[in-house]
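# Survey of secondary and tertiary structure
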Amino acid sequence: SAFLLYALARALASLFFSSEEQILRALVALFSSFALLFLFQVLHIFGGTRLFSWIASDPTANLFGSWNDFGIFSSFILLLSLILFDFLPRSGLKIFLGFVFLFSLVAAAVVNFALVWWLLAVLMIVFMAYLYSRRGERKAFFRLPFLTLLIALFFILVRPLASEFTNILGIQFIEVRPSWSSTGQVIRSALGQNPAFGSGPNTFAYDWLKYRSPDISQSPFWQVRVSSGTGFLPSLAAGAGIVG
């Protein structure tokens, strides 16, 4: 039923967002939601403001998910806003996109997730190659995409210095996730119970508690809540089975 709803959502999206204007409105709504998310995080980190009682006081607590999830979402917004900024003509919307780009870049720098910088570097190289191949677009090669590539390379090559930026803000964060062997053990156990459909979508956290190695229960990580395995596809294998 969950996968049926996902497919229905995709089908409806193609109907409701069929024109350029509708797609642009959806993107503006997405960028606006990120801007609000960023402003909340700024108040939470620098102002010590707790707008919601259920949000922890730790600087990494946010409205999106884990701290690395927040960094991945920021890089996604950064990529979208950069591409639109480069193609749109001068307008109020372009100024708004410029602020969104700046917000997302600062957020990605604060999170400083290595995987994010590697992905951004690769995608910027691909995007600049596309711009360079277009006639009349060669000056764009040295603008915002190139600057973003330089920033990504800085955070990749000078990680100790880049980490000082987060230390100044008093942000200390370690995200623990299962290894390939631990994930494989959970997958085999879950599929052993139901090979066709697994344990159900989004149930890896329960599979982990049932099938994890006893050694983990005797380690400092015994109470860490694990909602997914070492990656999305392995987690999907345990939750959705062969059919999924």
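Everything numeric in this text was worked out from a predicted model, so none of it was measured. (Residues numbered from 1 in each chain as written. Predicted model: local features only at pLDDT ≥ 70, side-chain atom pairs only at ≥ 80, totals over all residues. Heavy atoms only, no water.)

## Here we look at the overall build of the chain
- Each helix and strand counted, the chain has 11 helices and zero strands in total.
- Mapped from its N terminus to its C terminus, the chain presents α and β elements in the order α-α-α-α-α-α-α-α-α-α-α.
- Relative to its 244 residues, the chain shows a buried fraction of 36%.
- For the chain, restricting intrachain contacts to residue pairs at least 6 apart in sequence, the fraction spanning at least 24 positions comes to 66%.
- When the accessible surface of the chain is summed, it comes to about 15100 Å², and 67% of that surface belongs to carbon and sulfur atoms. (Helix = DSSP H or I, 4+ residues; strand = E, 2+ residues; numbered from the N terminus. Buried < 20%, exposed > 50% of the residue type's maximum accessible area, 1.4 Å probe, protein only. Contact = heavy atoms within 4.5 Å. Areas by Shrake-Rupley, 256 points an atom, 1.4 Å probe, with all protein chains shown as cover.)

## Comments concerning the packing of aromatic side chains
- Applying the stated criterion across every chain yields a total of 11 aromatic pairs.
- Judged by centre distance (5.6 Å) and plane angle (70°), the ring pair of Phe3 and Tyr6 falls under edge-to-face. Here the residue Phe3 and the residue Tyr6 both occupy positions in helix 1 (residues 2–16), the gap between them amounting to three residues, near one helical turn.
- Arranged with centres 6.2 Å apart and planes meeting at 65°, the rings of Phe87 and Phe127 form a pair that is edge-to-face. Of this pair, Phe87 sits in helix 3 (residues 67–87) while Phe127 sits in helix 5 (residues 114–133), placing them 40 residues apart in sequence.
- Overall, Phe127 belongs to the buried group, its relative accessible area being 8%.
- Each residue in the set Phe34, Phe38, Phe64, Phe73, Phe99 and Phe103 is aromatic and connected to the rest through ring pairs, giving one cluster. (Phe/Tyr/Trp six-rings, centres within 6.5 Å; stacked < 30°, edge-to-face > 60°.)

## Overview of helix 11 (residues 232–240)
- Every buried residue of helix 11 is accounted for by Pro234, Ser235, Ala238, Gly239 and Ala240.
- Against the buried residues of helix 11 lie helix 1, helix 8 (180–193) and helix 9 (204–211).
- The positive-phi residue at the C-terminal boundary of helix 11 is Gly241, with phi of around 70°.

## Let's talk about helix 6 (residues 144–157)
- Under the 1.5 Å per step criterion, the end-to-end length of helix 6 is 20 Å for 14 residues, consistent within 8% with the ideal 20 Å.
- Within helix 6, the full set of buried residues consists of Leu144, Pro145, Thr148, Leu149, Ala152, Phe155 and Ile156. Seen end-on, helix 6 carries its buried residues on one side only, within an arc spanning 140°. (Expected span 1.5 Å × (residues − 1). Arc of directions from axis to C-beta.)

## Let's talk about a nonpolar patch on the surface
- On the surface, a nonpolar cluster with roughly 940 Å² of combined accessible area is contributed by Phe3, Leu5, Tyr6, Leu8, Leu12, Leu15, Phe16, Phe17 and Ile23.
- Looking at the nonpolar patch, the element that brings in the most residues is helix 1, giving seven residues. (Patch = residues over 30% accessible without salt bridge, like charges linked within 9 Å, V, L, I, M, F, W, Y side chains within 5 Å. Salt bridge = Lys/Arg side-chain N within 4 Å of Asp/Glu carboxyl O.)

## Points about the pattern of salt bridges
- Tallied over the entire structure, the rule returns two salt bridges.
- Here Glu21 makes a salt bridge to Arg25, at a shortest N to O gap of 2.8 Å. On the criterion of helical spacing, the pair formed by Glu21 and Arg25 is a turn pair, its members being four residues apart in helix 2 (residues 20–46).
- Taking relative accessible area as the criterion, Arg25 reaches 57% and is therefore assigned exposed.
- With a shortest N-O distance of 3.8 Å, Arg143 and Asp86 are connected by a salt bridge. Of this pair, Arg143 sits in the loop between helix 5 and helix 6 while Asp86 sits in helix 3, and the two are 57 residues apart along the sequence.
- The buried category is assigned to Asp86, whose relative accessible area is 12%.

## A word on the nonpolar core
- Ranked by internal contacts, the top residues of the largest apolar core, which has 20 residues, are Leu82, Phe101, Trp117 and Leu120.
- Among the elements of the structure, helix 3, helix 4 (92–111), helix 5 and helix 6 are those that each provide at least two residues to this core.
- Take this core: its biggest share by element is eight residues, from helix 5.
- Counting 15 residues, the second largest nonpolar core, distinct from the first, contains Phe38, Ile77, Leu84 and Val100. (Core = buried A, V, L, I, M, F, W, Y, C linked by side-chain atoms within 4.5 Å.)

## A look at unusual backbone geometry
- Of note, Asn112 is a non-glycine position whose phi angle comes to about 55°, a positive value.
- Relative to the helices and strands, Asn112 is located in the loop between helix 4 and helix 5.
- Owing to a relative accessible area of 8%, Asn112 belongs among the buried residues under this scheme.
- One non-glycine residue, Asn202, lies in the positive phi region at around 60°.

Limitation: the analysis is restricted to geometry and does not speak to function.
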